[in-house]
Amino acid sequence: MLVAACWFALGMAMARSWHEPVVLLVAVSLLFVLAMAALRWSLRVAVVPVAGLWIAAGFCCWQLRPVPAAQTELKQYADGLSREVRGRVVRVRELPPRTKAADQDNDPAWWIEREPEAAEAVSLDVQVEAVEEVTPDVSRMVPVEGGVRVTVLASDAALPALHCGDIVDAPMRLKVPERYRDPGAWQYADFLLAQGIGVHASVRTAKLRVIESGAPSLQCRLYAAQSWASGKMLGFVRSRPNRRLPQAMRLTEEDAGMLNAMLFGDRTRLNHVLRLGFERTGSFHLFVVSGMHVALLAGMVLWIARRLRVREWLATPLTLLLTAAYALLTGFGAPVQRALFMTAVFLTARLLARERSVLNALGAAALAELVLSPASLFEASFQMTFLAIVAIGGIAVPLGERGFLEYARAAENIRDLWRDRALRPAVAQFRVMLRLWGEMLNRLLGNWSYGLPAMLLGLLLWVAELALIGVVAEMVMALPMAMYFHRATLFALPANIVTVPVVGVLAPLAIVTFCAALVSPPLAAAPAAVTAMLLHGIEWVIGHVSHLHTADVRVPAPVWWVALFAVAAWAFCCWAVRRSSAWAWVAVMTLPLVTVLVLWPEPALVSHGKLEVTAIDVGQGDSLLVVSPQGETMLVDAGGPVGGVNEAASAMSVFDVGEEVVSPYLWSRRIRRLDVLVLSHAHSDHMGGMAAVMRSFRPRELWVSIDPDSEAYRALLAEAAELGVSVRHHHAGDAMDWSGTHVSVLAPDGDYRNASAPRNNDSLVMRVDYGAGSVLLEGDAEAPSEQAMVAEHRVDPVTLLKVGHHGSRSSTTPDFLAAAAPKDAVVSVGRGNTFGHPRFEVIERIADRATRLYRTDQFGVTTFLIGRDGSIREVVGAAD
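Computed from a predicted structure; not experimentally measured.

**Student:** How should the overall build of the protein be read in this particular structure?
**Tutor:** Along the backbone of the protein there are 32 helices and 23 strands. Per-residue burial for the protein yields a buried fraction of 51% across its 880 residues. Across the protein, contacts joining residues at least 24 apart in sequence account for 73% of those joining residues at least 6 apart. Working note: accessible area of the protein is about 39,600 Å², and carbon and sulfur atoms make up 62% of it.

**Student:** I'm lost on the sheet that holds strand 5 (residues 199-204) in this one. Help?
**Tutor:** Two strands in a sheet stick together by hydrogen bonds in their backbones, pointing the same way (parallel) or opposite ways (antiparallel). Taken together, the six strands give an open sheet; going across it, the order is 5-3-2-1-4-6, and neighbouring strands pair in mixed fashion. Each of the sheet's edge strands pairs with one partner strand only, and the pair in question is strand 5 and strand 6 (209-212). Between one strand axis and the next, the sheet turns through 40° on average, direction left out of account. As paired strands, strand 2 (residues 121-134) and strand 3 (residues 139-153) are joined by 13 bridges and run antiparallel to one another. Bridge pairing links Val126 to Val148 in strand 3.

**Student:** How should I be thinking about the packing of helix 16 (residues 380-401) against helix 22 (residues 560-579) in this particular structure?
**Tutor:** Helix packing for two helices is described by the angle between their axes and how far apart those axes are. Two elements in contact, helix 16 and helix 22, have axes separated by 8 Å at closest approach and are oriented at 25°. Our classification of the angle between helix 16 and helix 22 gives roughly parallel. Crossing hand, helix 16 versus helix 22: left-handed. Taking contact as the criterion, the partners of Leu387, Val390, Gly393, Gly394, Ile395, Pro398 and Leu399 in helix 16 are, on helix 22, Trp570, Cys573, Cys574, Val577 and Arg578. Residue classes in the contact of helix 16 with helix 22 are distributed as nine nonpolar, two polar and one charged.

**Student:** Any chance you could explain the sheet that holds strand 22 (residues 862-866) here in plain terms?
**Tutor:** Reading across the sheet, the eight strands line up as 14-13-12-11-10-9-22-23 and stay open at both edges, with mixed pairing between neighbours. Among the strands making up the open sheet, the edge pair consists of strand 14 (726-729) and strand 23 (872-876). Between one strand axis and the next, the sheet turns by 20° as a mean value, whatever way the strands run. Note: strand 11 (residues 633-636) against strand 12 (residues 676-678), three bridges, orientation parallel. Each bridged residue has a counterpart across the sheet, and for Val636 the counterpart in strand 12 is Val678.

**Student:** When you look at helix 3 (residues 43-63) in this model, what are you seeing that I'm missing?
**Tutor:** Since one α-helical turn is 3.6 residues long, residues separated by three or four positions face the same way. When the terminal C-alpha atoms of helix 3 are compared, their 30 Å separation across 21 residues agrees well with the 30 Å that a helix rising 1.5 Å per residue should span. Every buried residue of helix 3 is listed here: Ala46, Pro49, Ala51, Gly52, Ile55, Ala56, Gly58, Phe59, Cys61 and Trp62.

**Student:** Help me out: how do you make sense of the pairing of strand 11 in this one?
**Tutor:** Consecutive side chains along a regular strand alternate between the two faces of the sheet. The alternating pattern of strand 11 places Thr633 and Leu635 on one face and Met634 and Val636 on the opposite face, and all of these are buried. Bridging between strand 10 (residues 624-627) and strand 11 involves four bridges; their strand directions are antiparallel. Residue pairing in the sheet places Val626 in a bridge with Met634 of strand 11. With antiparallel pairing between neighbouring strands as the criterion, strand 10 and strand 11 make up a hairpin whose turn holds five residues, including Gly631 at a positive phi of roughly 95°.

**Student:** Quick question: what am I supposed to make of the environment of Arg831 here?
**Tutor:** Along the chain, Arg831 falls in the loop between strand 20 (824-827) and helix 31 (840-848). Given the relative accessible area of 55%, Arg831 is considered exposed. For the pair Arg831 and Gln620, spaced 211 residues apart in the sequence, the C-alpha separation amounts to 7.7 Å. In this structure the side chain of Arg831 is engaged in a polar contact, spanning 2.9 Å, whose partner is the backbone oxygen of Asp857.

**Student:** Please clarify how the pairing of strand 13 (residues 701-704) should be interpreted in this entry.
**Tutor:** Bridge count for strand 12 against strand 13 is three bridges, and the pairing is parallel. Counted as the bridge partner of Leu677 is Leu702 from strand 13. Of the pairings in the sheet, the one linking strand 13 to strand 14 comprises four bridges and is parallel in character. In the strand pairing of strand 14, Trp703 is matched with Arg728. Each parallel crossover has a hand, and for strand 13 linked through helix 28 (residues 711-723) to strand 14 it is right-handed.

**Student:** Would you take a moment to explain the pattern of salt bridges for this structure?
**Tutor:** Oppositely charged side chains may form a pair once their charged atoms are brought near each other. As enumerated under the stated definition, the model contains 27 salt bridges in all. Between Glu659 and Arg554 there is a salt bridge, with the nearest N and O atoms lying 2.8 Å from each other. Here Glu659 is found in helix 25 (residues 657-668), whereas its partner Arg554 is found in strand 8 (residues 553-554), with 105 residues between them in sequence. A residue is classified by how much of its surface remains accessible, and Arg554, at 7% relative accessible area, is buried. Taken together, the shared-partner salt bridges in this structure form one network comprising Glu401, Arg409 and Glu465.

**Student:** What am I meant to see in the packing of helix 1 (residues 2-17) against helix 15 (residues 358-372) here?
**Tutor:** Where helix 1 contacts helix 15, the two axes come as close as 7 Å, and the packing angle between them is 30°. Relative to helix 15, helix 1 is oriented roughly parallel. You can see that helix 1 and helix 15 cross each other, and the crossing is left-handed. For the pair helix 1 and helix 15, the contacting residues are Leu2, Ala4, Ala5, Phe8, Ala9 and Met12 in the first and Leu359, Leu362, Gly363, Ala366, Leu367, Leu370 and Val371 in the second. Residue classes in the contact of helix 1 with helix 15 are distributed as twelve nonpolar, one polar and no charged.

**Student:** What's the story with the nonpolar core in this structure? I'm lost.
**Tutor:** Soluble globular proteins: nonpolar side chains tend toward being buried together. Val472, Trp570 and Leu591 are the most contacted members of the largest nonpolar core, which totals 55 residues. For this core, the secondary-structure elements that each account for two or more residues are helix 1, helix 3, helix 15, helix 16, helix 19 (452-485), helix 22 and helix 23 (581-599). Not counting chain neighbours up to four residues away, the residues in contact with Val472 comprise Ala391, Ile395, Ala396 and Leu591.

**Student:** What's the story with the confidence of the model for the protein in this structure? I'm lost.
**Tutor:** Across the protein, the average pLDDT comes to 84, with 90% of residues at 70 or higher. Confidence, expressed as mean pLDDT per element, reaches its minimum in the protein at helix 6 (residues 109-112) with 36 and its maximum at strand 12 with 97. Every residue in residues 98-116 is under pLDDT 50, and counting partners more than four places away or in other chains gives 70 contacts. Across residues 644-653, confidence stays below pLDDT 50; counting only partners more than four residues off in sequence or on other chains, it has 24 contacts.

**Student:** For this particular structure, what's the right way to read the side chain of Ser785?
**Tutor:** Tracing the sequence through the fold places Ser785 in helix 29 (residues 783-791). Non-local contacts of Ser785, meaning those with residues more than four positions away in its chain, are made with Ala747 and Asn761.

**Student:** Mind showing me how you'd approach unusual backbone geometry here?
**Tutor:** Excluding glycine, a negative phi dihedral is what most residues carry, and trans is how most peptide bonds are arranged. A cis amide bond links Ala747 with the next residue in sequence, Pro748, at an omega value of 0°. Note that Pro748 resides in the loop between strand 16 (741-747) and strand 17 (765-770). Here the residue pair His837 and Pro838 is connected by a cis peptide bond, since its omega of -10° sits within 30 degrees of zero. Here Pro838 is to be found in the loop between strand 20 and helix 31. Despite not being glycine, Arg670 has its phi angle at roughly 60°, a positive value.

Conventions used here
Residues numbered from 1 in each chain as written. Predicted model: local features only at pLDDT ≥ 70, side-chain atom pairs only at ≥ 80, totals over all residues. Heavy atoms only, no water. Helix = DSSP H or I, 4+ residues; strand = E, 2+ residues; numbered from the N terminus. Buried < 20%, exposed > 50% of the residue type's maximum accessible area, 1.4 Å probe, protein only. Contact = heavy atoms within 4.5 Å. Areas by Shrake-Rupley, 256 points an atom, 1.4 Å probe, with all protein chains shown as cover. Pairing = 2+ DSSP bridges. Axes fitted to C-alpha atoms, helices over the stretch in contact; angles between N-to-C directions. Parallel < 35°, antiparallel > 145°, perpendicular 65-115°, else oblique. Left-handed = near helix turned anticlockwise from the far one by under 90°. Nonpolar A, V, L, I, M, F, W, Y, C, P; charged D, E, K, R; others polar. Expected span 1.5 Å × (residues − 1). Polar contact = N/O pair within 3.5 Å; in protein donor to acceptor, adjacent residues only side chain to side chain. Right-handed = clockwise from strand over helix to strand, strands pointing away. Salt bridge = Lys/Arg side-chain N within 4 Å of Asp/Glu carboxyl O. Core = buried A, V, L, I, M, F, W, Y, C linked by side-chain atoms within 4.5 Å. pLDDT = per-residue confidence, 0-100.

What follows is the structure, given as structure tokens:
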């Protein structure tokens, strides 16, 4: 089944880039005839055509997969006008208080038009039925299909009682989620579209009307069950029996957020700071509902059934029934579906006394998952689940069976002499020695100590087994961790060795706490106290390990051929550990070599001999990558939210433009470390992503201008000090040679001060010269700063101009533009921003000078290559 699943997946991968159904139909027919003939006369020959049939089946499955509707018609109404929208509620989620919204955590579009603060908020997914169409003469409701995610803000009235199936109506300004056109950037728009959501909006409670009630869908019932379970856990945390417990034994609301994520897959209240600590140590999988949690529940139910002496034929379906009920309670996501299916296959095989092949069960589960959800083949969760089981069941356990695991099994039940006859002589002798040592201790300490040597050696061998599984799993998981998360978690093994056994106890205890809380909060106090102590212990360990600088090394994804070679090498290891001891040793040597190859640093993709300036698409913000002719790198600004984010929202937010947009672009260029990080000024749309970039790329220097009164700016300087980044302040008149170029600072003046909040005129304005070529990086400098630079004759003609303040009419004044006289100009703006950037008069002013203007909202990431002779070449739409 595993081989069949691999061939099936290969066919799906081929179909992703090859679309010839007619050719496929002919090929399938020929393969079927060949397979029938081969099965009749030669089974060895049959392997080839049967493999071809599986590939063809995978090809067909991909071609027939359901594709989410683009919702083009609905998106046409996202034009900034307020329109009546009517639709059916398909999901209701309560959002944490004092934060913006779930959309705002993930979608940078909310930064462009911020909504008022709200004490309470609810997120609704609404299946649209009709939208108001407005014309100069009349407005009417027209039928439109699609989905909208609505944030209902309770700032002016109490939240209404909203349920799945309700028909609601409200005036909304529909917005299309922002799409970043940069390599590697995570697209929230695609994430929403996969859920049937094409646009989003916000509305006040007073304007939302519930027209009628209706029957909820099955999926909505699952979401409601998930929300109900999360609410019950949160309710217990707020109950008096829990609050009366000592602090170390008391569950907090942050603890409830972690437990809800672990047990029910609800990450709404998962604290971003805690999440980051688990990500840095490679332990975040502990707090994602996955196969481990399903297996733990199934194991607990089976253990209880055995203690109650329930017959096997009854215990198996009971376990599957309760496990399935739990899977539905988590929202029945793809990882849980895979885990449930594999658990069902394993338990059924166990009941029928068939051979318990982990890889065979994995193949069956993978095949079923790919048939039901073909797109999951290219999702990180599916690939990581698949590889983890291959690493454990396909390599680690068979490798251990050739070594110490049979001794670990032999250390059990040493009083049963009849077991010795089925063992190898060396292993039987090991059991005899354990009995001899036990008899010696028995004479010294008493009868209770007879089994002590066996118990201690068994425990030692169990730890060795756990270490072996951890080492092999971490070596295999190095590839997906580098590809999808750009992490080499050096402390993942010791962190997981400590935390995984604890979570093995914590998860069942948390389930017991939840079930007890449903009956009576006082009844849940005892298991909750133990759960809290275990959870706080894990947090303490992970918190201390994650703060080590070497705990989290960020790396680019390996090149494609390295990934293919790694997969082939692991397939070889699965075969070798089952072949013989000699081949097993070859596998032992292969695994670390593959890991080194995956993490081996590749040369950065730079244009040597050219001055490169790349405007990264960060929406309504600024971020520019400057690469010197000698290959050194400088990042100027790192994008971020317009207007900043309050501390509560920052703690809960899961979206960071520096982590999700800027860093992936730098990794796509195979950049591992920045030489210089430049902050033009301390506004959030330039500084918001800088802390994440600094942590990921550890720049040698941070260049700033002045020190305004900003808590976020001081936090950035503190982060730089903690990471050992040298901070340099620059003012007009400063000049330096940098990696084959000459950098001149044009603003602000040396006597310029700003003791209040950051301003645009704080901007550090720099000119970078390379022979006859040059670039002027203006930040958000406005007319006063530009006039001072022109008056002091600091502005000379340049090859490329980074337009100031996103094309605002307060910048790029006629005199400044005339002095700069650029050949090309680039402006960084967000699509559909409410500021109207770039302003028409600025565009017209630039066009009148015959300067070519490039906009990130239209072209996406744009690269300019400037030669020593002053020539310039543009590369637009690199993400496409």
